[in-house]
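Working through the structure, step by step
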Amino acid sequence: MTDATTGAPAVPKARSCPFLPPDGIAGIRETAPVSRATFTSGQEAWLVTGYEQVRALLRDPSFSVQVPHALHTQDGVVTQKPGRGSLLWQDEPEHTVDRRMLAKEFTVRRMQALRPNIQRIVDEHLDAIEAQGGPVDLVKTFANPVPSMVISDLFGVPVERREEFQEIAEAMMRVDQDVAATEAAGMRLGGLLYQLVQERRANPGDDLISALITTDDPEGVIDDMFLMNAAGTLLIAAHDTTACMIGLGAALLLDRPDQLALLREDPSLIGNAVEELLRYLTIGQFGGERVATEDAEIGGVRIAKGEQVVAHVLAADFDPAFVEDPERFDITRRPAPHLAFGFGPHQCIGQQLARIELQIVFETLFRRFPTLRLAKPVEELRFRTDMVFYGVHELPVTW
């Protein structure tokens, strides 16, 4: 990868509509779905924006997730350290081995069994909101705490540590802070997880960490570091992504009363609605970074060994070659294989849990509060342009 000396255009970030991809990204995709671009770090790399090209990149074993530069931060410093259990930053063959051990805890059947507990958590938070009366900030009172409770229950995080966990998760997802602040948040998370692992080794419970401790491990892979890496990766990713989708998804539905009316009239559309929300919002706003481990080719373009590439999944999910009239939000649209959960070996391991949470959240929220409406115009909302995952910082609503 080279410094930005050849004048490659900057990756578009500004959005004239907060629910659509950045202005200009469609033009880049139409002109050259694999092209050079300048990123936040000031460095150049390849930008992939076409649907088929992004899929090709994400499944190509010639590309590693262990990149030398963090293109989406101002200092370009990579703070994540690969290790056993840290699926997001692992390559083969360790990634396949570790993912297989974790995947058996995230089967569709096991996630479906969590429905009653998720429904209880959602109901309890909506009861509290109803008792409080409007207006309320739906992010603070609902979108953040619900997925935090769900994933904390799954991992056995003590109730008294959950607020601290939420604070750490938010700190680790910022892209506008220096490396020291991110590393400090990581140290806090490490301390919390180490204590949690030791407690579960001494007193196993009905949670995922306990299940991993007692799982068959003939190669001796599952040590304390594996457990901390796996729990940290899944806790942060599962909490922040779902929280962002709840807040941003609620804002979009409240801004599109015709689509919300369809959902209220026919709750059986909830599955379709969630898939369209996932495609339309694709909250991983910066895309997945890779580096070529050998000379390769994507979409007919040669990528040299050592060059970095970014898969802009949001642009890909709006590719007209993938879905007709992509800028139309339509919950009756036939679900298509979107890339909101990624693609290939690193596709989100917790996607079934996320789908179940979002289905329960939106069906229950709009059934319980049929007159729910925004208490502030969309234009006045603060959107998470400073975070890894896009969303809203707050969502004032009333009814």
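Structure: above.
Keep in mind that what you see is a predicted model, and the values were worked out from it rather than measured.

1. Quick word on the packing of helix α5 (residues 115–132) against helix α7 (residues 145–155)
At a minimum axis separation of 10 Å, α5 and α7 run at an interaxial angle of 145°. Here α5 runs over α7; the crossing is right-handed. Across the interface between the two elements, N117, I118, R120, I121, V122 and H125 of α5 pack against P145, V146, M149, V150 and D153 of α7.

2. Considering the sheet that holds strand β9 (residues 373–374)
An order of β4-β10-β9 is seen for the 3 strands of this open sheet, with the pairing classed as antiparallel. The open sheet has two edge strands with one neighbour each: β4 (136–137) and β9. Bridge analysis of β4 against strand β10 (residues 396–398) gives 2 bridges, and the strand direction is antiparallel. Looking at the pairing, V136 lines up with V397 of β10.

3. Details of the pairing of strand β2 (residues 44–48)
Of all 5 residues making up β2, 5 are buried, and the element is well covered by its neighbours. Bridge count between strand β1 (residues 34–38) and β2: 5 bridges; the pairing is antiparallel. Looking at β2, one finds that S35 is bridged to L47. The turn joining β1 and β2, which pair antiparallel and follow one another in sequence, is formed by 5 residues; a positive phi near 90° is taken by G42.

4. What about the nonpolar core?
Within the largest apolar cluster, 89 residues are counted, with the highest numbers of intra-cluster contacts made by F19, F142, F155, L281, F362, L365 and L395. Looking at which element gives the most residues to this core, the answer is helix α11 (residues 224–255), with 17 residues. Grouped together as the second largest cluster of nonpolar side chains are 21 residues, L58, A292, F322 and V323 included.

5. Comments concerning the environment of E124
Structurally, the position occupied by E124 is in helix α5. Between the C-alpha atom of E124 and that of F142, which follows or precedes it by 18 residues, the distance is 9.9 Å.

6. With respect to the packing of aromatic side chains
Counting across every chain of the model gives 7 aromatic pairs. Ring centres of Y280 and F318 lie 5.3 Å apart, and the angle between their planes is 55°; this geometry places the pair in the tilted category. Taken as a pair, Y280 in helix α13 (residues 270–281) and F318 in the loop between α14 (313–316) and α15 (351–368) lie far apart in primary sequence, 38 residues in all. The two residues Y280 and F318 agree in class, both being buried. Aromatic pair F383 and Y390: ring centres 5.8 Å apart, planes at 15°, arrangement stacked. Per residue, the accessibility class of F383 equals that of Y390, and both read buried. Three or more aromatic residues joined by ring pairs make a cluster, and in this case those are F19, F383 and Y390. For the cation-ring pair, R15 lies above Y390, with the distance from its terminal atom to the ring centre recorded as 3.7 Å. Geometry around F318 places R279 over its ring, the cationic atom sitting 5.2 Å from the centre.

Conventions used here
- Residues numbered from 1 in each chain as written.
- Predicted model: local features only at pLDDT ≥ 70, side-chain atom pairs only at ≥ 80, totals over all residues.
- Heavy atoms only, no water.
- Axes fitted to C-alpha atoms, helices over the stretch in contact; angles between N-to-C directions.
- Helix = DSSP H or I, 4+ residues; strand = E, 2+ residues; numbered from the N terminus.
- Left-handed = near helix turned anticlockwise from the far one by under 90°.
- Contact = heavy atoms within 4.5 Å.
- Pairing = 2+ DSSP bridges.
- Buried < 20%, exposed > 50% of the residue type's maximum accessible area, 1.4 Å probe, protein only.
- Core = buried A, V, L, I, M, F, W, Y, C linked by side-chain atoms within 4.5 Å.
- Phe/Tyr/Trp six-rings, centres within 6.5 Å; stacked < 30°, edge-to-face > 60°.
- Lys NZ or Arg CZ within 6 Å of the ring centre and 35° of its normal.

Purely geometric stuff here, so don't read any function into it on its own.
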